[in-house]
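What follows is each chain in one-letter form.
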Amino acid sequence: GIGIVVLLMIIGRDNSKESNTNRVAANKNSNSVTTNANTANRNSTSAPAGFLKDDFSAPNWPTGDNAFGSFYEDGEYHMKGKPNLYVYMFPFNGANYLSKDADVKVTARSVDGKSPEYGYGLVMHGKTNSNSKLVGYGFLVYTGTAPKYEIVKFEDGNPSTLVKWESAAILRTGTTPNQLEVRAQGSQLSFYINGQFVKSITDTSNITDGSVGLYTSETNEVAFDDMEISR
């Protein structure tokens with residue numbers, strides 16, 4: 001009897017050590033995701049696949065406290081912003097998610113039907129600069145009453161408006177998903193909602209490559225699914 005008790009104590013102590021090790025490894029991965037994305041963006045020698053599909057069934061994006069509470073549930077990737085702050089996420093392996101001359105699609109929805117006031121959506125040509133600030137473009141939608149979309153450019157983390165909020169009756173409101181699509185060709189970006197063209201821009205900032213990212217604002221929960229990247 002004493003021998004069994006001692007054996008159980010040893011097993012319990014070993015399991016506890018293994019659990020703690022796993023938690024530390026997960027935290028390290030979450031902390032390094034931005035660095036990994038930046039390294040991939042600078043690596044011009046790697047050729048990404050001609051087609052990538054991410055149905056968010058595998059943990060390719062950061063989760064947990066170091067990812068502002070982002071998590072996976074029912075095959076979707078969930079994000080929340082912070083009051084008066086926006087939140088963006090890059091995938092762990094940015095080399096597979098490069099947006100240069102790519103057609104990028106993703107499905108996005110509001111979880112509770114209350115859209116973030118300042119929008120949610122896709123980041124194109126995303127990277128962080130030497131100050132760890134976001135650079136790239138954002139294709140954002142608001143799916144509350146009077147749905148609309150906006151196109152912004154991020155420089156040193158500050159968003160500047162390229163296309164101010166425009167009404168978009170083709171956006172589905174409430175909790176119904178919408179497909180957002182951006183087609184990049186050189187310095188030109190073309191934007192689509194649910195398969196319908198809405199706007200095209202040619203920017204002179206020479207931001208033509210980077211990684212695909214996901215974006216949201218405020219505290220309303222949003223979920224992403226079915227990302228496709230083709231070249």
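The model shown is predicted, which means the values in this text are computed figures rather than measured ones.

**Considering the confidence of the model for the protein**
Here comes step 1: With 80% of its residues at a pLDDT of at least 70, the protein reaches an overall mean of 84.
Here comes step 2: In this model, residues 4-45 is a region of pLDDT below 50 whose contacts with residues beyond four sequence positions or in other chains number 24 contacts.

**Section: the pattern of salt bridges**
Here comes step 1: Evaluation of the coordinates by the stated rule reveals eight salt bridges.
Here comes step 2: In this structure, Asp209 and Lys127 form a salt bridge, with 3.6 Å as the shortest nitrogen-oxygen distance. Of this pair, Asp209 sits in the loop between strand 12 (196-202) and strand 13 (211-217) while Lys127 sits in strand 6 (residues 120-128), placing them 82 residues apart in sequence.
Here comes step 3: Lys153 serves as the salt-bridge partner of Asp203, at 3.4 Å between the closest nitrogen and oxygen. Of this pair, Asp203 sits in the loop between strand 12 and strand 13 while Lys153 sits in strand 8 (residues 148-155), and the two are 50 residues apart along the sequence.
Here comes step 4: Overall, the relative accessible area of 15% leaves Asp203 in the buried class.
Here comes step 5: It is possible to trace a salt-bridge network through shared partners that takes in Asp103, Glu181 and Arg183.

**With respect to the nonpolar core**
Here comes step 1: Core analysis: the largest hydrophobic core is formed by 40 residues, its most contacted members being Leu122, Phe139, Tyr149, Leu214, Phe224 and Met227.
Here comes step 2: Leu134, Leu140, Val152 and Phe154 belong to the second largest nonpolar core, which has eight residues in total.

**So, the packing of aromatic side chains**
Here comes step 1: Following the criterion strictly, the structure yields 13 aromatic pairs and no others.
Here comes step 2: Between Phe56 and Tyr77, the ring centres sit 6.2 Å apart and the planes meet at 15 degrees, which makes this aromatic pair stacked. Residue Phe56 is found in the loop between strand 1 (51-54) and strand 2 (71-73), and its partner Tyr77 is found in strand 3 (residues 76-79); the two are separated by 21 residues along the sequence.
Here comes step 3: Looking at Phe56, the relative accessible area reads 1%, which means it is buried.
Here comes step 4: The class for Tyr77 is buried, based on a relative accessible area of 0%.
Here comes step 5: Ring pairs connect the aromatic residues Phe56, Trp61, Tyr72, Tyr77 and Tyr97, which therefore count as one cluster.
Here comes step 6: Geometry around Tyr192 places Arg183 over its ring, the cationic atom sitting 4.0 Å from the centre.

**Thoughts on the sheet that holds strand 9 (residues 158-167)**
Here comes step 1: Spatially, the six strands line up as an open sheet ordered 4-13-6-7-8-9, and their pairing is antiparallel. Two strands lie at the open edges of the sheet, namely strand 4 (86-89) and strand 9, each paired on one side alone. This sheet shows a mean twist of 20 degrees between the axes of neighbouring strands, independent of strand direction.
Here comes step 2: In terms of strand pairing, strand 8 meets strand 9 through seven bridges, oriented antiparallel. Residue pairing across strands places Lys148 opposite Ser167, the latter belonging to strand 9.

Analysis parameters
Residues numbered from 1 in each chain as written. Predicted model: local features only at pLDDT ≥ 70, side-chain atom pairs only at ≥ 80, totals over all residues. Heavy atoms only, no water. pLDDT = per-residue confidence, 0-100. Contact = heavy atoms within 4.5 Å. Salt bridge = Lys/Arg side-chain N within 4 Å of Asp/Glu carboxyl O. Helix = DSSP H or I, 4+ residues; strand = E, 2+ residues; numbered from the N terminus. Buried < 20%, exposed > 50% of the residue type's maximum accessible area, 1.4 Å probe, protein only. Core = buried A, V, L, I, M, F, W, Y, C linked by side-chain atoms within 4.5 Å. Phe/Tyr/Trp six-rings, centres within 6.5 Å; stacked < 30°, edge-to-face > 60°. Lys NZ or Arg CZ within 6 Å of the ring centre and 35° of its normal. Pairing = 2+ DSSP bridges. Axes fitted to C-alpha atoms, helices over the stretch in contact; angles between N-to-C directions.

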